[in-house]
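Summary of structural features
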Amino acid sequence: MLKFTKITLSALALITTSLGAANAAVTVLGWPGGSEETALRAVAEAYNAQSGVADADKVELLFYSRDGFYDKLQADMAAGSSAFDINLLATYSIGRYASYMEPVDLGPDAAKVFGESVLKTMQFDGKQYGVPTDLSLHFMYYRKDLVDALLADPAAKAKYAEISEKYLGKALEPKAPDSWTWDDWAATALYFAKSVNPESPVRYGTVLQMKNLLFNIMVWQSVARANGGDWMDASGNITIDSPAYRTALELYKKLYDAGASPKDSLSYEYAETNAAFGSGQVATALQWNAAASELTDPAKSPAVAENVGIVAPPAGSAGRADHIHGLGLGINKNAKNKPGAAKFLQWLATEDAALLYARSGGSPALLPDVAAKIAKERPDLVTLGQYAGAYGYVMTGATSANAFPVYELQAKEFTGYWSGQETLDDALANTKAGMEKLLKP
Amino acid sequence: MVDLDHKGWRIFASPLVGFLLLFLGLPILIDLVYSLSRVSFTNLRSPEIVGFGNYGEVLGDGQFWRASWFSLRFGVITAILECVLGLGLAVFLSPLIEKRSWLMAPLMLPLMVAPAMIGLMYRLVLHEFVGPVPYYLYLWFGDSPSFLNAENAFWTLVVVETLQWTPFALLLFYTAYRAIPDDVREASAIDGASARQILTAIELPLMRPTLIFTFFIRFIDGFRVFDNVYTLTGSGPGGSTTSLPIYIYEAFFKQGAIGKAIAASVILFLASFVGLYALTWLSRRGKGAAS
């Protein structure tokens, strides 16, 4: 009996000790399965190896699967879970999670690393809720060989002018991609579509991701923004039914109906777009910056990698615009170790940590002088920082608590218009009515 | 046989009743409260009772009725196709399977794949640039249709669902078909019945309970379809492939409209209950008339 009691007490002591250690550590719920996870593992290891970090403040990582990540996170946070001290957050969902999180003071040096505009991607109601770890925006990918051939051939230029006159109502001349307007891009997409120009060396001029999915609206909406579109004006009125939104919606429909994009584009998202462009049968693609590594890698995209050009999204009547949103890390309101969590986030916002995160595969948006320090290893981050600084935007209201449902609503209504199930007027009227309900103060 | 009195039954049944009350009764009660409340993820613990507004919102939402129609149509069409194909295969393949029973194993393989995986698989299979189906269509005919646009997505999904679940119907029908005593067939053959007459007048009537049971199982599964549709087309362009479970899921998680989502699920529950009760009543009435 005495032996049994000793064993039981020893086991209890062991369990209590290990539980205590687990409680004391800072648990970070990160974005799983990609470069973000690799980079987070590297910085967590570096942080834990520092001599000044107490055992109780060492970082442990926790990952869900990506599928339904935000649904699971929302359910956990709403239930008051304390299973993690730090959790992932994104610009478009920050308003949704802010009430379950603690604002964090990143210190004065954070602005010198990321810049104020990037720090704002992690702010809600004027408060900082997280460290911006990764930034996403869009690149216009194009086939250099095809565009060069077009620019060098007078007969092709004449055909290009003829096509643009017929479909866009004005005879355009081919231009270099870095000076494209959206009309130039559309004319190029039509020129390289077999359905429009049977002589085209590829099947499609572009690949539009038009699946009923909020992320696809983020890709498309730069067309509207470049023409002056926004969700709401300074007084809080919904301004979705504007000439800018009409122009942008009509442009996509025109290209899809003309066959400039694959027939199944209404079911395309990120992966399908990469597969289409990587097949060598598509001339241009507006796609997330994350695709650059895949599309320019000869092992992953042998048909196009050597000929992929990258420029910022084309310009509209109001200039050039590139949707940005950040992923970041912030503190759970029910965290067991808030001081430890704050210490880790403050360290993560330092230049050394940001550079380590970048070297380990992450995509932080860094100020030019900071990005210059890793320009040789990560030239894409220099481009990322340049585009984010020069063209980056967040729609007014797109960090509110209901930003997510607004994107969902737009995705449903706009894909309804593109697929011919409802008129443009109905789609915009329904979207406006829904947004007024969702974004009312 | 132990003869239990009333008190004995109560004692033995109480754990089960307690379990049901805790794990079914309590959530249903909370659901009913939420369905009458204005509630989102921010006020889960303090819902504001607003009466039947959520029910009115659901019933007045055109998308709810479109989703109901999608689910009903999808459930009926896939159940009919699966039963017809499953029955045909069961009768046609019966002599072969009887001799080589291992054939049943590969025929059942589609059932082993998770529906969500089936959706992902067909995203690849039907993709114009990496999928084998469009590849061969281009190779042989110079073109490939759009499988997943608003016009064709419904029928593509019907085919995907039917291909996966026909083996289920085949399994049940084959079992029922083999359970018919051979001497019944032999006797009718001696009486001069043709193969078609044996099938329609002897075998199918004897298999009727299995046919009805399988049809309803497949209808219920088709009606509540979620996984493969969601991974293949999402809710479709303009919400064109929104089934009722997808409607409820999107209202709950994507729109954060918890009261509305639960009101829709309560309506679905009541409609299912009324439907099943009516079917049971009709079935009993049919039996009464026959006797």
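Residues numbered from 1 in each chain as written. Chains lettered and ligands numbered in written order. Predicted model: local features only at pLDDT ≥ 70, side-chain atom pairs only at ≥ 80, totals over all residues. Heavy atoms only, no water.

What follows deals with the overall build of chain B. Across its full length, chain B carries 12 helices and 2 strands. A compact globule built from 291 residues should have a C-alpha radius of gyration of about 19 Å, whereas chain B, at 24 Å, is more than 25% larger. For the C-alpha atoms alone, the extent of chain B along its principal axes is close to 75 × 75 × 35 Å. The burial tally for chain B puts 40% of its 291 residues in the buried class. Considering only intrachain contacts with a sequence separation of at least 6, the fraction spanning at least 24 residues in chain B is 66%. Of the accessible surface of chain B, which amounts to about 16,700 Å², a share of 72% is contributed by carbon and sulfur atoms. Averaging the positions of the 20 positive and the 20 negative side-chain charges in chain B gives two centres separated by 4 Å. (Helix = DSSP H or I, 4+ residues; strand = E, 2+ residues; numbered from the N terminus. Rg over C-alpha atoms; globule rule 2.2 N^0.38 Å. Buried < 20%, exposed > 50% of the residue type's maximum accessible area, 1.4 Å probe, protein only. Contact = heavy atoms within 4.5 Å. Areas by Shrake-Rupley, 256 points an atom, 1.4 Å probe, with all protein chains shown as cover. Lys, Arg positive; Asp, Glu negative; His and termini not counted. Charge placed at Lys NZ, Arg CZ, Asp CG, Glu CD.)

Here the focus is the sheet that holds strand S11 (residues 308–311) of chain A. All names here are of chain A. Strand order in the open sheet formed by 4 strands is S9-S10-S8-S11, and the pairing between neighbours is mixed. Either end of the sheet is taken by a strand with one partner, and the two such strands are strand S9 (204–206) and S11. Across this sheet, the average inter-strand angle for adjacent strands is 25°, counted without regard to direction. Against the sheet, helix H7 (residues 144–152) touches strand S8 (138–143), strand S10 (282–288) and S11, its axis set at about 65° to S8. (Pairing = 2+ DSSP bridges. Axes fitted to C-alpha atoms, helices over the stretch in contact; angles between N-to-C directions.)

Turning to the domain arrangement of chain A, a few remarks are in order. Residues and elements named next belong to chain A. Looking at the assigned domains, one finds that chain A contains domain 1 (23–135 + 325–393) and domain 2 (138–323 + 402–438). The C-alpha centroid of domain 2 is placed 31 Å from the C-alpha centroid of domain 1. On the domain 2 side, the residues contacting the 11 residues of domain 1 number 18 residues. Note on domain 1 versus domain 2: buried area summed over both sides is about 1,400 Å², and carbon and sulfur give 67% of it. Taken together, the links from domain 1 to domain 2 amount to 0 salt bridges. (Domains from an automatic or database assignment. Buried area = accessible area lost by both parts, 1.4 Å probe. Salt bridge = Lys/Arg side-chain N within 4 Å of Asp/Glu carboxyl O.)

Let us now look at the packing of helix H5 (residues 115–125) of chain B against helix H7 (residues 153–179) of chain B. Residues and elements named next belong to chain B. The geometry of H5 relative to H7 is characterised by a closest axis approach of 11 Å and an angle of 130° between their N-to-C directions. Here H7 runs oblique to H5, going by the angle between their axes. Read as a crossing pair, H5 and H7 show a hand that is right-handed. Residues Pro115, Ile118 and Tyr122 of H5 touch H7, and the partners they reach there are Val160, Leu163, Gln164 and Trp165. (Parallel < 35°, antiparallel > 145°, perpendicular 65-115°, else oblique. Left-handed = near helix turned anticlockwise from the far one by under 90°.)

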